[in-house]
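Residues per chain are reported as follows:
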Amino acid sequence: MKFWGTILLLPGLLLAQPEFFGYFESEADVMQLGSTRYNFGYNKFRLDVEVRPSDNVLIGANINIQQYWGKTTWNIFDFVPGYAESGLVLNVDLPDTLLLDNFYMKLSFPRFDLTVGRQQISPGVGYAWNPTDIFNSKSLLDPSYEQTGVKALRLEIPLGDRALFTAIAQPEAEIEQSTQQYAFNVGLGRFDFSLTGSLQERVDYSVPILGDMNIKQRMMLGGGLVGELLGWGLWAEFSTNDLEMESPFATFDYSNLSPLTPLPDQTFTEYVLGTDHTFDNSLYFMAEYFHNGLGVAEKDELSPADYLASLGGQSHSLMQDYVFMYAMHPTFDFVTLSTLLFANLNDNSGTFAPQLDWNAFEDTNISLQGSLFWGDDDTEFGLQDWGLRLRVRSDF
Amino acid sequence: MKTKLLIFILLSISAVFSQTPTAVDIVDRVTNVMSPENTYSKGTQTIITSSGKERVFEFESWSAGKGESSLTRYTKPAAIRGQAFLMLNNADDIWSYFPRTKRVRKLASHAKKQKMQGSDFTYEDMGGGDVFQTKFTPTLLGEETRDGDLVWQVELIGIPDLEPPYPKIILWVRQSDYFPVTLDYFNESGYNTKSLVLSDIEMIENYPTAMTMVMTDNKERSSTTMRNLEITYAWEPPKGFFSERNLKK
C-alpha cells in the first residue's frame, strides 16, 4: 500500500520541481580510554528533498544512511567510573542505519503556519544546553550538530512582527499521553523574551540494564531572554519541572552494583546563563553556565544508576553545575581556529578541545578536533584521556 | 546703469546656483540616492583571498524603509543554502536562521562586526538607512576628477557616543548625481583598512545603481565583489515580511 502511495505521489512531486540537496560526511575518531585506544567512525550520506507545490505549501524530507566502522560495540560500564574493570558488560551496538528522518509538510495560511510530520524542533536560546528543550539532547563536543526529527504537529501564529505563539503536540498512541508544548515569544526593545510551558503525560526512558523507567507526568514551565548589555550578547533560559514517577527503580540489584534507591517525585530547576562578544580583531568568544537541579551535587553521591539514567537521556546532565566556553577566530584564508572547553564544576573534571576548520573546496569542509580530558579517574570526564576527531563533509 | 544692474543680478543668481553645497547637504543627498524606499535584488558575492582562492555565493535580498529593515537569504553554495539574516533598525537587531537545525538565533549588535560568510563585508556594511547622517560629522575636504567624473571628497568622523561603524570614512561623491563612487574606511589609528568601489552604475527606476561593488581589505589583501544580477525598487513588502516567521521560510 505504501509502495502504491509513493508511486501515485511521485508524478506530483516531480511536477512540482523538487530540489535535492544534502551532504556526505565521513568521520574518523581515536580515543584513549584508560589503557585502551579505540578507533571508530562513520560514513554518512544525507539526502534532502524539498517540494513547493504552491507558495503556501512546503513538503520536506530527508533520508540518512549511516555506516559505522571500527569499534561499533561499546560497553556502557567502560564509561562508569569504578566499573571499567569490573567485568560487567552492557553492550550497546551501533548498527548501520537507513533512516527516514524529517518528513513533513508546512502549510502557510495568512494568519498562521501549520507543520505536520517529523520535523526539527529546537526550542530555547542556550547554545550547549536548553532547559526548555524536552525533545532533544546535545553533544557538548558539537552542540550545534543537527538533531533527529520529532513527530509532531506545530502551529505557529504570528502576533505582530515580533511576537509569535507556538503550540506543539507530539502524538502518542493514546491521546492523553501526547506531549504538549506552548511557547510565546515577544521582542521588546533590544531583547527577545519567551515563555514556555509543556506537559508530558508519560515519558518512557529506556535506561540500560534498568529497563524502562516511566514518568507518569512531567510539567515544565520555563522561559528565556536574549539581548545585549554593554556590548556583550546576553541570554538566559530556565525551566522548573515537576516529575511524578510512576514506576521508579525500586528493587533493582545487579551483581556488585549497589542497590539503587527509588527515585521519588521531584521538583527541580534548570537554568543557563550565557554571554558572547566579537572583538575588533574578529575573535568571537562565548561562555555559558548551566545548573541542573536534577543532577547529583556531590561526586560521592553518584551511583551507576545516575550514569546509566543520564546516558539514557533522563537528565540534561549527570551533575549539577557546568561551564562551557567557546572561542573562534577566522585566522587564515578559509581556515577557522576555534577551541571549546567544558567543565563539570562539581567533580572538577572537564575537556579542552581545540579545532581547525578548513573550507578546502567550495562546499567541502575538513575539520580536525583534539580533546584533552582532565579530572580524577572517578570523575565524569577524567575517565577519558584524550581523543582526536577528523571529519570531512561535502555538501551538494 | 540698467545694463550694470542686469549683469549684477545675473551674476548674483549664477553665484547662488553654482554655490558648492555644504558637507551636510551632500551627505543628505547621498543618503537619499543610496536609500530607495524598498529594494529587491538577486546577486552574487565573490570572495578572492590574498592567495587568490575564490568562493562564490548567491543570495536574494529584500529591504524596506530606506534600508532600515532587510532580509538576506543565501541560495548558493550548498553548504549554506537557506541560511538567512534578518536585520531591523539599521542592523542594530540581527537574527540568523540555520535551516539544518531550523533554529533562529538573535545576534547581539557586536555580531555586526563579523564578516558576512567570510567576505570583506560586515553585516554592518550591509545595513542601509541614515547612518551617515546620524552617526557622523561630515566635512567637505575638496573636489577633484575621478575617472572623468567631478567628485567631492567628504570626510565623515564618527560620533563616539553613537557607536559609529567606523571611526572615519572618506566618501568620493559624484557631483552629477550625488552617487558615492568610493568609500575609504579608517580605523582608530588612521589606517585605511578597507575601500569600497562602486561601479557599472546604471539608472534603475530613477535611482543610480551600482551593479558592481568591490570591497578591498587593505590589510588582508583580500577582496569581495558583489554583483547585482537583478534589482528592482518597485517591490512592495507584504505585511509581516520582515519577521521571524518569514526568516524561516
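Residues numbered from 1 in each chain as written. Chains lettered and ligands numbered in written order. Predicted model: local features only at pLDDT ≥ 70, side-chain atom pairs only at ≥ 80, totals over all residues.

Enquirer: How should the overall build of chain A be read in this particular structure?
Expert: For chain A, the count of helices and strands is two helices and 21 strands. Going through the 396 residues of chain A one by one, you find that 28% of them count as buried. Within chain A, contacts between residues separated by at least 24 positions form 54% of all contacts whose residues are at least 6 apart in sequence. (Helix = DSSP H or I, 4+ residues; strand = E, 2+ residues; numbered from the N terminus. Buried ≥ 20, exposed ≤ 12 C-beta atoms within 10 Å, placed from the backbone. Contact = placed C-beta atoms within 7 Å.)

Enquirer: Looking at this structure, how should I read the overall build of chain B?
Expert: Check the secondary structure of chain B and you find five helices and 13 strands. By principal-axis analysis of the C-alpha atoms, chain B measures approximately 85 × 40 × 35 Å.

Enquirer: Can you help me understand the nonpolar core in this one?
Expert: Proteins that are soluble and globular tend to have nonpolar side chains buried together. Counting 46 residues, the largest nonpolar core has Ile26, Val30, Leu86, Ile94, Val154, Leu171 and Val173 of chain B as its most contacted members. Residue contacts for Ile94 of chain B: discarding those within four places in its chain leaves Phe85, Met87, Leu107, Ala111, Lys112 and Tyr123 of chain B. Counting residues in each nonpolar core, the second largest holds 12 residues, with Ala128, Phe324, Phe342 and Ala353 of chain A among its members. (Core = buried A, V, L, I, M, F, W, Y, C linked by C-beta atoms within 7 Å.)

Enquirer: How should I be thinking about the interface of chain A and chain B in this particular structure?
Expert: Often the size quoted for an interface is simply the accessible area lost on bringing the parts together. The interface is formed by 30 residues belonging to chain A together with 28 residues belonging to chain B. Of all elements in the fold, only β8 (150-158), β13 (211-229), β14 (232-245) and β15 (266-278) of chain A reach the threshold of two or more residues within the side of chain A that touches chain B.

Enquirer: Honestly, the environment of Ile47 of chain B in this entry has me stumped. Any pointers?
Expert: Residues and elements named next belong to chain B. Position of Ile47 relative to the elements: it lies in strand β1 (residues 39-48). Look at Ile47 and you get buried, because 23 C-beta atoms sit within 10 Å. Along the backbone, Ile47 and Lys219 are 172 residues apart, and their C-alpha atoms lie at a distance of 15 Å. Residue contacts for Ile47: discarding those within four places in its chain leaves Glu54, Arg55, Gly118, Ser119, Ser222 and Thr224.

Enquirer: How should the confidence of the model for chain B be read in this particular structure?
Expert: A low pLDDT means the predicted coordinates there should not be read in detail. Looking at chain B as a whole, the pLDDT averages 89, with 92% of positions reaching at least 70. Across the whole predicted complex the pTM is 0.85, and at the interface the ipTM reaches 0.82. (pLDDT = per-residue confidence, 0-100.)

Enquirer: I'm lost on the environment of Phe79 of chain A in this one. Help?
Expert: Residue and element names in this part refer to chain A. Tracing the backbone through its elements, the reader meets Phe79 in the loop between β4 (73-75) and β5 (91-93). On the basis of neighbour count, Phe79 is assigned to the partly exposed category, with 16 C-beta atoms found within 10 Å. Through-space distance from the C-alpha of Phe79 to that of Leu311 is 9.7 Å; in sequence the pair is 232 residues apart.

Enquirer: Looking at this model, I keep getting lost on the confidence of the model for chain A. Mind explaining?
Expert: Residues and elements named next belong to chain A. Of all residues in chain A, 87% attain a pLDDT of 70 or more, and the chain-wide mean is 87. When pLDDT is averaged over each element of chain A, strand β20 (residues 364-374) comes out on top at 97 and helix α1 (residues 2-15) at the bottom at 56. Considering only residues more than four positions removed or in separate chains, one finds that residues 248-262, a stretch of pLDDT under 50, has 19 contacts.

Enquirer: Please explain the environment of Gly224 of chain A as it appears in this structure.
Expert: All names here are of chain A. Inspection of the secondary structure puts Gly224 in strand β13. The class of Gly224 is buried, set by 26 C-beta atoms lying within 10 Å. Note: C-alpha distance between Gly224 and Asp113 (111 residues apart in sequence) is 23 Å. In contact with Gly224, not counting residues within four places along its chain, are Gly124, Val125, Thr132, Ser194, Trp235, Ala236 and Glu237.

Enquirer: For this particular structure, what's the right way to read the pairing of strand β12 (residues 207-217) of chain B?
Expert: When a strand is regular, its side chains alternate between the sheet's two faces. All names here are of chain B. Judged from the 10 bridges that link them, strand β11 (residues 192-204) and β12 form a sheet pairing that is antiparallel. By the bridge assignment for β12, Met203 is matched with Pro208. Between β11 and β12, which pair antiparallel one after the other, the connecting turn spans two residues, and Glu205 there sits at a positive phi close to 45°. Examined bridge by bridge, β12 and strand β13 (residues 222-232) share six bridges and lie antiparallel to one another. Bridge pairing in β13 links Asp217 to Ser222. In sequence, β12 turns back onto β13 through a hairpin of four residues, with Arg221 there showing a positive phi of about 60°. (Pairing = 2+ DSSP bridges.)

Enquirer: Whenever I open this one, helix α2 (residues 23-34) of chain B confuses me. Can you help?
Expert: Three or four residues apart is the spacing at which side chains of an α-helix point the same way, because the helix has 3.6 residues per turn. Residues and elements named next belong to chain B. Its 12 residues place the ends of α2 16 Å apart at the C-alpha level, agreeing with the 16 Å of an ideal helix rising 1.5 Å per residue. Here α2 has its buried residues at Ala23, Ile26, Val27, Val30 and Met34. Down the axis of α2, the sector holding all buried residues measures 95°, keeping them to one side. Contacts from the buried residues of α2 go to α4 (131-134), β7 (136-146), β8 (149-158), β9 (168-174) and β10 (180-186). (Expected span 1.5 Å × (residues − 1). Arc of directions from axis to C-beta.)

Enquirer: Can you walk me through the pairing of strand β2 (residues 54-64) of chain B in this structure?
Expert: All names here are of chain B. Here β1 pairs with β2 via 10 bridges, running antiparallel. The residue of β2 that forms the bridge with Ile47 is Arg55. In textbook terms, the turn of a hairpin is the stretch between consecutive antiparallel strands, and for β1 and β2 this stretch comprises five residues, one of which, Gly52, has a positive phi near 90°. Bridge analysis of β2 against strand β3 (residues 69-76) gives seven bridges, and the strand direction is antiparallel. Among the inter-strand pairings, Phe59 is bridged to a residue of β3, identified as Tyr74. Between the antiparallel neighbours β2 and β3 lie four residues, among them Gly65 with a positive phi of about 65°.

Enquirer: Would you take a moment to explain unusual backbone geometry for this structure?
Expert: Residue and element names in this part refer to chain B. Cis rather than trans, the peptide bond between Lys76 and Pro77 has omega equal to 0°. Considering the arrangement of structural elements, one finds Pro77 in the loop between β3 and β4 (84-88). A positive phi angle, close to 55°, is found at Lys102, a residue other than glycine. At Glu205, a residue that is not glycine, the phi angle is positive and equals roughly 45°. Checked against the element boundaries, Glu205 lands in the loop between β11 and β12.

Enquirer: Mind showing me how you'd approach helix α2 (residues 304-311) of chain A here?
Expert: Taking burial as the measure, the eight residues of α2 of chain A include six buried ones, the bulk of the element. Of the residues making up α2 of chain A, those classed as buried are Pro304, Ala305, Tyr307, Leu308, Ala309 and Ser310 of chain A.

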